[in-house]
Amino acid sequence: MSTINPFRILWIMLLPVSFCLHVAGQSGTGFRISGRITDSVSGRPLAGASISYEGKQRYGTTTLDGSFELVLRRLPDTLQVSFAGYKTKSYAIKDTSRARSFELRMSPDARELASVSITTGIQELSKERSTGAFDLVGNEQLNRGVSTDILSRLEGMASSVLFSSTAGGSREISIRGLSSLRNTIASPLIILDNFPYEGDLSNINPNDVQDVTILKDAVAASIWGARAGNGVIVIRTRKSNFNQALRWQINSLYTQTAEPRLYDYPMIKAPDFIETERWLFGKGYYDAALNNTTSRPVVSPVVELLWKHKNGHLSTEALNTALNSYAANDVRSNFLQHIYRPAQTLQNNLQLTVGGNQLSMLASGGYDKQILTLQGDEASRATARMELSGRPIKGVEWGAGIIYTGTTSNKTSEGGFNGINIGGGKAGFIYPYAQLADENGNWVPYEKDYRQGFTDTAGGGLLKPWKYNPVLERSTKQQESLLHHYLGRLFLKWQLANFLEAELRWQQERSFGNTNSTWGEDSYFVRNLLNRFSQISAGQVTNNIPVGGIQDKKAANELANNYRLQFNGRHRWAQWNLEGLAGAEARSVVWDGSEFRNYGFNANTLSVANVNYVTAFPQYANLSGPAQVPNRNSLSGGTNRFLSVFMNAALQWRRQYQFNMSARKDASNILGVSTNQSGVPLWSVGVGWRPSLADWWKNRKVESLGIRITYGSSGNVDNSLSPLTTISYSPASGSIINQSYAGIRTPANASLRWEKVYQTNLGIDFSLFKKRISGNIDLYQKMSTDLLVPVSPDPTTGQSQVTINTGDLRVRGIDLQLNTVLVPGAFNWNIDWLLHWNDSKILNYPLSPQQGNAYVGLEKTINPREGYPAYGVYSYVSSGLEGAAGNPVGWLNGEVSQNYGAIVSTTTAQDLKFHGSARPVFFGSVRNNWSWKGLSVSANVLLKWGHYMRNNSIQYSTYFGNWVGHSDYYKRWQQPGDELHTYVPSMQYPVNNFRDNFYINSEVLVQKADYLRLLDLQFSCQIPEKWKKKLKLRQCQLYGLWQPGYLLYQANNTNVDPETVDGVRAPAAWSVGLRFGTL
Amino acid sequence: MKWTNKLFILLLLSFVTGCAKFLDVRPDRTATVPSTLQDGQALLDNTTIVSTNWMWLPHMYSDELFVTNSGYNSSSNETPKLNYIWNDNADNNAQWMSSYRRVNLANTVLETLDRAGINQNNQMLWDDVKGQALFLRAFSYYKLAQMFSPPYRNGDPDLPFGLPLLQTASITEAYQRSSLKETYDQIISDASQAAALLSPTPAFKTRAGKAAAFGLLARTHLLIGNYADAASNAEKVLAIQFELMDYNQINPSAAVPFQRFNKEVIYHSAMSTGLNNSVTRVDSLLYSACAADDLRKQLFFQRQADGYYSFKGNYDGQITGGMFDGITTGEMWLVLAESNAKLGKIDESLAALNKLLVNRWKTGRFVPILERDPILLLARIRFERKLELLFRGIRWSDIRRYNSSGEEKIELKRWLNDQWYRLPFGDHRFTVLIPNKVVEMGGVAQNPR
């Protein structure tokens, strides 16, 4: 629960409904009085405030501009004005002369709880008027963050939101844990103001964002129906105000992130690596590669030297000298020097708002520039925004807006340290003694696709050089991406009757994305391709690919249109207040994409050459069989359409009792489904009671208390599935007969249904001891049924993976938001606690495989098994190492065993060790805020608890074959007795892959992943009021943020960061910014 | 306000009636529900599924190849390594699945044809597409049966260890294992129907034509010991396509002497790669037994630095990729020779054998075979089959066939990392285990052990 702050109350909602004066039973003549009701702090008009008179017998409400007009039957009378979030005010009217027209200023009520405005994207409402569970991340919290995208700024700011890293290393956001068992549709629905946002979320400039509302339970989210199953995040942009002089604000922010912490990689040191290579060489491990006369796979320079030495082309002394010089290298220093640099981001933004009586305007512009950590990579973003709104005549309001985002990125780098791509499957790392430049600064090439013994002499000077150096490559190629994204919107609100308003909205999004990749003639990519497609006979080179550069052009366009017609109604009688809305919505998203390649490209003359895509040409030196020239031509396109009807009603009695309900039906154009089958009705109900608003409530310690209970359903839809067999066409480039062809896209599945999520929520809102402690606690249970799961079915179906409805998931949790004021007053110390407990269990999953190998080591992906959490960590039971050879010992059929093949292929799921969930069961953040006058400091500590992680370790198969070493090598078993203090198996040749597989997935490598991280430390200081006045500024703030990536506590003893893929900590970052202006 | 109400009601009404049409567009323009002959043909032209990635299991199981210690130890793919030593722990899930993927694709095409309907204009095309689908299904079952079902000859006891025979594209249909006879009956029935429907001149060698269907029938009948049917089907093939390449015209120094889709290819298909061809070596005894004047000695074998020979006679025109395992005219001449020898038609047999070999030997050096003793003639034919059909997965079927017909008693053995691995005559492992997952999820009986 956030504190009530006057600044935020500025933004107290404009209910989507504006009301004409509504007076019941007016008759005869009386005393006509009129006035305006405004906020005492900001002077902003309060629309929809309730005015009772004649002893609460009659009621009126204020219109959009806060004005009201009443006819009193007798004098004197007392007006009672109430408005959510404000202290109820009485105003005595004794005579008409004084009462004819006056302004009433209402002051915010500290006692009221949720007097903050939230938005569901369909309506804006006061939190008090809904029984739903919402999290509001306000402007102040968002401004603490420094990222260029808005979603990252939510980390540690809302108790229900969890950021987790996935198997691929990308960060994924979830609300209240899982609702679905698929990664692809497990992400929340993102709404920008009123409609789902189709563009890339990084297009949204955080400076344009006012606040973010997270819709958590059924009542909050089910208005979004079939796409709300994973929760909804509503991003609300800043709005302009009527009757306000020109205000402006400039915000500049600079962020610097250090180079990646390469030295954290648990690598094997060069001398030891070389030792292993010598040992393997002696065993003949490299013979197959060295004797290979076709694909000529890459071997390391050390192996090349050993080979030369063995064949008598190199003396033993020369060999040892060379090896010693290699042993002194560390590839990481080379990468830090020549590939990486500290990343820098500069963000600039200007905001302007101005408003008259009938028209108001907001304009903003931003320009961000990013120097990325890989040398040669840059990105920039320009945003511009203009919003107009007007109220030309009474009862009519309109708005129009346009947002433009232009993103460019220029990439010339060849990738980072763990993205080195050596031919022959050696993806990932390079040998630790690799050099990019020697001591004299000369660039040193390394072999990328073929071994040195081949590339040194290939072509006898007639071919292009076949050497590779990632630094030199930067000047030979460029990848330029441009994205233009336009969002235009219009709305019109029209008061049809004093209880009914119509609202028409339209929003269009258009994006044009282009990526041009060009490789110059000197780039390795071109040289390699050209060489491969060359033939030499009699000293003549035949090139089957035109000499020159290569250009790939990719385009992707999207057009989304949203239409919504909605009726908002409100009726108030006696102690009752009924609000409702009903509407219909249509959405259409049309997209297309294309890709093609030009050979023989010359950037100066823009000339291109023809190429023969049909013939399979022999490859130079038979590096492979004949191959066609790679063809990049492809087209794609499609249309997604949705139709929805929805309604929502809220009934209040005496402001204490609240009832909510909503319903929605969605339909979409699923392939092979007739329209009447494609819909699904979803609904929710909720009741709430706020005893603290009752007249009898006298408890001084508990100044506010409310309780809410909701239940309802929402769904998850995947338009790519179909109940019928569907096929998809592919271009001829993938065919050996040069024909366009089709493949089965989805096999027939007549029983396909939409996923449904039923959620129950029990919430309590409270404020104690004069707001010294305030917050809310929500208990929830989500039951997801008919979950669509990509299962690997019986192989006899011929499908490696099909997505079918199977399984039920139960997620229970507790959401706690607490604000505690430890020291009130001029020096203020408060702590925001955001804590979340979450327990997921798969209740029913008929397809749970029996084999253990379907579960072990797969904890980074959803790994369903009946009766277990979705991300379960499983291991083979281990008995450590045996003493004779340092082999790991497992269990097979109840007995200790070293038959790894049988352990891996026959261990059943029941015989595995289950550790727990790989996702935290308990997570949250604790933010301490200290402020004194204009100074404030806050520290956010992130906590994740109750989950397990699998440590990486040495796998000899990848160590030998792919150069992926691990420093556990040093802890390996080497002689009898070692088994007493290590669990790392001995190094053996030949490698038994099953032994590696068993060890890496055995229980010895699993540890608790609990940790506490100092997420960031923020400071800000406002210049003194006197100076502000002189400068005519309303604010002038210098602020900064330090993100050390520092772990305050971790449960594992291997000193790895549980959050990152390689266990390498994220580099530290610091930011400093200045925000000033009159806004 | 009344007219506005009316307007909104009107808007709402038109909105509702427009819904049906609004939702009637395809979400992805490259995707469709297959319903035309073109869709069916496009599925059959998916060369990644239909023409490549066939099972390497028979190749890895047979005695035509071996792998050196270094090659074995430096290979990272465990499944072919285990299969190479006939180890039951190998998980052949992927091999089984990719074969049944073709069955599913064929059944999808057959169901598409039902939707498309026949009329006067499309009859020819309709028949051809149906024939291709039936052939694909039959060929897939044929290859699966060579690994996952015990050897079967006409007249053998009918064991319940045949294949699951799926008739629809539904992925939820329950199935059980058929009997061996049912399996081969299905193959013969599908292939016979296909032979009647298919075009004699397919546009691409990846599409089955009449000759391919007869070729599969000839191969199948030979396998189960119906020599008369084998001979008659081989003749039908050769009546359509009989040409052989004169190996004297082929450059022996080329790293890849043969081209994909060459004139001997009746139906093109290729295996995926088990153990990479850069580490597999040809059986040394076969190499030594190959006569010096036999051009295959130069065209099929490439000496490697380790002193052994790798195979370069791949009819897929590849060195490193998968091996050709389709149907050729060369094979058909051998089927004709063998089945005629079995039937006692020695002259016809010798004619067919000599017709092949004269194109395989150096011009002028080939002395036509005159052997009239059926036993010795058949022994020669077995040798020629091993050589001519090398690295095509056919050798494995032949080993099982010779062992079960009693012609030979072949025991397989491998010397690897200072250890012998053996597959003795009569061992149950001549039939590969059904993948555990299939036994578990499909509820079918496992092969005997």
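Sequence order as written defines the numbering, with residues in each chain counted from 1. Lettering for chains starts from A, numbering for ligands starts from 1, and both go in the order in which the items are written. The model is predicted, so local features are restricted to residues of pLDDT at least 70 and side-chain atom pairs to those at 80 or more, both for listing and for counting; the totals for chains, interfaces and linings are taken over all residues. Side-chain figures throughout are based on the complete set of non-hydrogen atoms in the structure, without hydrogens or water.

As a further point, take helix α10 (residues 210-224) of chain B. Each helix corresponds to a stretch of at least 4 residues labelled H or I by DSSP, and each strand to a stretch of at least 2 residues labelled E; elements are numbered beginning at the N terminus. One fewer than the residue count of a helix, multiplied by 1.5 Å, yields its expected span. The terminal C-alpha atoms of α10(B) lie 21 Å apart, and with 15 residues this matches the ideal 21 Å at 1.5 Å per residue to within 8%. One or two positions beyond α10(B), positive phi appears at B:G225, with a value near 90 degrees.

Residues and elements named next belong to chain A. For two strands to pair, DSSP has to find at least two bridges joining them. Pairing is antiparallel across the open sheet formed by 4 strands, whose spatial order is β3-β2-β5-β6. On the outer flanks of this sheet lie β3 (58-61) and β6 (89-93), each paired with one strand and no other. Across this sheet, the average inter-strand angle for adjacent strands is 25 degrees, counted without regard to direction. Here the axes come from fitting lines to C-alpha atoms, over the contacting stretch only for helices, and the angles between their N-to-C directions go from 0 to 180 degrees.

Another point: the side chain of B:S149. Residues and elements named next belong to chain B. Mapped onto the fold, S149 is located in the loop between α8 (123-148) and α9 (180-197). Assessed through its relative accessible area of 0%, S149 is described here as buried. Counted as a polar contact is a pair of N or O atoms within 3.5 Å, where, for protein atoms, one must be capable of donating a hydrogen and the other of accepting one, and residues adjacent in sequence contribute only when both atoms are in side chains. Looking at S149, its side chain comes within polar contact range of the main-chain oxygen of F161, at 2.7 Å. Contact between two residues is taken to exist if any of their heavy atoms lie within 4.5 Å; hydrogens are not considered. Among residues more than four places away in sequence, those in contact with S149 are L144, F161, G162, L163, R177, L180, R400 and T431. Only protein chains enter the calculation, and the probe is 1.4 Å; a residue is then buried if its accessible area is under 20% of its type maximum, exposed if over 50%, and partly exposed in between.

Only centres within 6.5 Å qualify two rings of Phe, Tyr or Trp (six-membered ring in Trp) as a pair; their planes then separate them into stacked at under 30 degrees, edge-to-face at over 60, and tilted for everything else. Counting across every chain of the model gives 70 aromatic pairs over all chains. Taken together, a centroid distance of 5.7 Å and an interplanar angle of 85 degrees make the contact between B:F139 and B:Y267 edge-to-face. Remark: B:Y267 occurs in strand β3 (residues 265-267) and B:F139 occurs in helix α8; sequence separation between them is 128 residues. Each of the two residues, B:F139 as well as B:Y267, counts as buried. Against the face of A:F195 rests A:R564, its NZ or CZ located 4.4 Å from the ring centre. Here, a charge over a ring is recorded when the distance from Lys NZ or Arg CZ to the ring centre is within 6 Å and its angle to the ring normal is within 35 degrees. The cationic tip of B:R360 hangs over the ring face of B:Y247; the distance from NZ or CZ to the ring centre is 3.9 Å.

Residues and elements named next belong to chain A. Within the secondary structure, Y286 sits in the loop between α5 (270-283) and α6 (287-290). Judged by its relative accessible area of 8%, Y286 is buried. With 18 residues separating them in the primary sequence, Y286 and E304 have C-alpha atoms 9.9 Å apart.

Nonpolar cores were defined as sets of buried Ala, Val, Leu, Ile, Met, Phe, Trp, Tyr and Cys residues, with membership established by side-chain atoms within 4.5 Å. Grouped together as the largest cluster of nonpolar side chains are 135 residues, with contacts concentrated most on B:F135 and B:F148. The leading source of residues in this core is α8(B), at 14 residues. Counting residues in each nonpolar core, the second largest holds 63 residues, with A:V299, A:L319, A:A434 and A:F960 among its members.

Let us now look at the confidence of the model for chain A. Residues of chain A with pLDDT of at least 70 account for 93%, and the chain-wide mean is 85. Confidence over residues 1-28 of chain A falls short of pLDDT 50; this stretch has 95 contacts with residues more than four positions distant or in other chains. Across the chain, each position has a pLDDT score giving the predictor's confidence in that residue, from 0 to 100.

Here we take up unusual backbone geometry. Put simply, A:Y989 and A:P990 share a cis peptide bond, and its omega is -5 degrees. The residue A:K1032 is not glycine, and still its phi comes out positive at about 55 degrees. Counting through the fold element by element, A:K1032 comes out in the loop between α16 (1025-1031) and β53 (1035-1043). Residue A:K1032 is classed as exposed on the basis of its relative accessible area, which comes to 69%. The backbone phi angle of B:F261 is positive, close to 60 degrees, even though this residue is not glycine. Counting through the fold element by element, B:F261 comes out in the loop between α11 (227-240) and β3.

Salt bridge criterion: a side-chain nitrogen from Lys or Arg within 4 Å of a carboxyl oxygen from Asp or Glu. One pass over the structure, following the stated rule, counts 69 salt bridges over all chains. Of the charged contacts, one joins A:E585 and A:R564 as a salt bridge, the two residues approaching to 2.8 Å between their closest N and O atoms. Of this pair, A:E585 sits in strand β29 (residues 576-602) while A:R564 sits in strand β28 (residues 549-573), and the two are 21 residues apart along the sequence. Assigned by exposure class, A:E585 and A:R564 land together as buried. Connected through shared salt-bridge partners, B:E264, B:D294, B:R296, B:R360, B:R380, B:E384 and B:E388 make up one network.

All names here are of chain A. Judged by pairing direction, the sheet is antiparallel, and its 3 strands sit side by side in the order β44-β45-β46 without closing on themselves. Each edge of the open sheet is held by one strand with a lone partner, namely β44 (878-881) and β46 (895-897). Strand after strand, the sheet turns through a mean of 30 degrees between neighbouring axes, direction not considered. By the bridge criterion, 2 bridges tie β44 to strand β45 (residues 888-892) in an arrangement that is antiparallel. Bridge pairing in β45 links S878 to G890.

What follows concerns the environment of A:Q358. All names here are of chain A. Inspection of the secondary structure assignment puts Q358 in the loop between β18 (343-355) and β19 (359-371). Here Q358 falls in the partly exposed class, since its relative accessible area comes to 46%. Taking the C-alpha atoms as reference, Q358 lies 35 Å from P1024; in sequence the two are 666 residues apart. Setting aside residues up to four positions removed in sequence, Q358 forms contacts with F242, S389, G390, R391 and P392. At 3.3 Å, the side chain of Q358 forms a polar contact with the backbone oxygen of P392.

We now examine helix α16 (residues 374-388) of chain B. All names here are of chain B. In this model, α16 (15 residues) spans 20 Å end to end at C-alpha, consistent with the 21 Å of a helix rising 1.5 Å per residue. Where α16 is concerned, the buried positions are L377, L378, I381, R382, E384, R385, K386, L387 and E388. Of the residues flanking the start of α16, the one acting as N-cap is D373, its side-chain oxygen 2.9 Å from the backbone nitrogen of I375.

Residues and elements named next belong to chain A. With respect to the helices and strands, the residue I403 is situated in strand β21 (residues 396-411). In the structure, I403 is positioned 594 residues away from N997 in sequence and 52 Å away in space, judged by C-alpha atoms. Excluding residues that lie within four positions of it along the chain, I403 makes contacts with L192, A384, R385, E387, H485, Y486, L487 and R489.

Moving on, we get to the interface of chain B and chain A. Taken residue by residue, the interface counts 75 residues in chain B and 85 residues in chain A. Summed over both sides, the interface between chain B and chain A buries roughly 6,700 Å², with carbon and sulfur atoms accounting for 63% of that surface. Summed over both partners, buried area is the accessible surface (1.4 Å probe) that two parts give up on being assembled. Three residues, B:L23, B:P27 and B:I171, lead the burial of chain B against chain A; their summed loss comes to 11% of the area buried on that side. Counting across the interface, chain B meets chain A through 0 salt bridges. Where chain B meets chain A, there are 23 residue pairs in polar contact (both at pLDDT 80 or more). For the side of chain B that touches chain A, the secondary-structure elements that each account for two or more residues are α1 (2-22), β1 (31-32), α2 (37-44), α3 (47-50), α5 (69-74), α6 (78-84), α7 (93-116) and α18 (436-442) of chain B.

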